[in-house]
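Descriptive analysis of the structure
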Amino acid sequence: MGFLDVLLGRTKPVAPDLDQLFALPSAAVTLQAAASFTPTGTGSVCFATVEGAAFAEAREEVQALLDADTERQGPPVEAVRDEYGYSWLVSRRGPEDLPALVGDLHAVNSALESSGFGPQLLCSVVSFEDGGGNRRLEIVYLYKRGTFYPMCRLPGQQKRDNALELQMSALLKDDLRIEPDLSRWFPIWGVPGS
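Anyway, here's the lowdown on the structure attached to this text. What you see is a predicted model, and the numbers here were worked out from it, not measured in a lab.

1. A closer look at the packing of aromatic side chains
By the definition in use, this model includes 2 aromatic pairs. Between the aromatic rings of Tyr-141 and Phe-148, the centroid separation amounts to 5.0 Å while the plane-to-plane angle is 55 degrees, which identifies the pairing as tilted. Judged by relative accessible area, which is 1%, Tyr-141 ranks as buried. The exposure class assigned to Phe-148 is buried, which follows from its relative accessible area of 1%. Their ring planes at 15 degrees and their centres at 5.9 Å tell us that Tyr-149 and Trp-185 sit as a pair that is stacked. Remark: Trp-185 occurs in the segment after α5 (162–172) and Tyr-149 occurs in strand β6 (residues 147–153); sequence separation between them is 36 residues. Trp-185 matches Tyr-149 in its accessibility class, with the two residues each being buried.

2. Structural notes on the side chain of Ser-127
Tracing the backbone through its elements, the reader meets Ser-127 in strand β4 (residues 121–130). Non-local contacts of Ser-127, meaning those with residues more than four positions away in its chain, are made with Thr-38, Pro-39, Thr-40, Thr-42, Arg-136, Leu-137, Glu-138 and Ser-194.

3. Here's the deal with the packing of helix α2 (residues 24–35) against α5
Interhelical geometry of α2 versus α5 gives an angle of 120 degrees and a closest axis separation of 10 Å. Between α2 and α5, the crossing angle belongs to the class labelled oblique. Between α2 and α5 lies a crossing whose hand is right-handed. Here Ala-27, Thr-30, Leu-31, Ala-34 and Ala-35 of α2 lie close against α5, whose contacting residues are Met-168, Leu-171 and Leu-172. Residue composition of the contact of α2 with α5, by class: 7 nonpolar, 1 polar and no charged.

4. Side note on the nonpolar core
Judged by nonpolar contacts, the single largest core of 51 residues is most densely connected at Phe-128, Ile-139, Leu-176 and Ile-188. For this core, the element with the highest residue contribution is helix α4 (residues 98–117), accounting for 7 residues. Filtering out sequence-adjacent residues up to four positions away, Phe-128 remains in contact with Ala-28, Leu-31, Phe-37, Thr-38, Pro-39, Thr-40, Leu-98, Arg-135, Arg-136, Leu-137 and Ile-139.

The rules behind each value
- Think of each chain on its own: its residues are numbered from 1, step by step along the sequence as written.
- Local features are withheld for residues below a pLDDT of 70 in this predicted model, meaning they are given only at 70 or higher, and side-chain atom pairs are given and counted only at 80 or more; totals for whole chains, interfaces and linings count all residues.
- Hydrogens and water molecules were not included; the side-chain quantities draw on all heavy atoms of the structure.
- Stacked, edge-to-face and tilted labels apply to pairs of Phe, Tyr and Trp rings (six-membered ring for Trp) whose centres lie within 6.5 Å, assigned for plane angles under 30 degrees, over 60, and everything in between, in that order.
- The rule is simple: take the accessible area with a 1.4 Å probe, protein chains only, and divide by the maximum for that residue type; under 20% is buried, over 50% is exposed, in between is partly exposed.
- Only DSSP runs of H or I with at least four residues qualify as helices, and only runs of E with at least two residues qualify as strands; both kinds are numbered from the N terminus onward.
- By definition, residues are in contact when any of their heavy atoms lie within 4.5 Å.
- Axis definition: a line fitted to C-alpha atoms, limited for helices to the stretch in contact. Angles are taken between N-to-C directions and run from 0 to 180 degrees.
- Angular relationships are summarised with four words: roughly parallel below 35 degrees, roughly antiparallel beyond 145, roughly perpendicular across 65 to 115, and oblique for the angles in between.
- The sense of a crossing depends on the near helix, which, turned anticlockwise from the far helix by less than a right angle, makes the crossing left-handed and, turned clockwise, makes it right-handed.
- The nonpolar class holds Ala, Val, Leu, Ile, Met, Phe, Trp, Tyr, Cys and Pro. Asp, Glu, Lys and Arg form the charged class, and all remaining residues, Gly among them, are polar.
- As used here, the term nonpolar core means buried Ala, Val, Leu, Ile, Met, Phe, Trp, Tyr and Cys residues forming a set that is joined through side-chain atoms within 4.5 Å.

Structure (structure tokens):
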């Protein structure tokens, strides 16, 4: 960072650290023990859609790689485009198989990044629910920031439970690198698979 950057208040962007995703299984143990939230077995990667053969080929290769997993049970990896034009690759595993789900998310992010499409990666999301299935919690990994934040939706509404989000961030601060800037805790409505 240069002298002018310091004077003008510019900061150097944080490099993404995809290995942070591997902290999710330990965070899941904390969530279950302290707040009764368990994984649903669904995770997804969101990226800005790019038109062109190279991007389509990279996405198809990632999808084929994950679908080739002989341990996978249930539906194959699903490609979805949301109402805002963003693309999602959705992986489903058994709720008890969070490490494999995290491996899927890491593989998608890594493959797109190594194909030169890192700037298109936006976030990865892993879904949780409470013991009664009444409350949902998404742990969102912001690719460009290398941080996580919790998003708690109120049942049946496009509203967030901010108090619960703050409780969950305090609970997870020792397990995950929590995004300190609350203005970056973006609402993500209609996450495919959640």
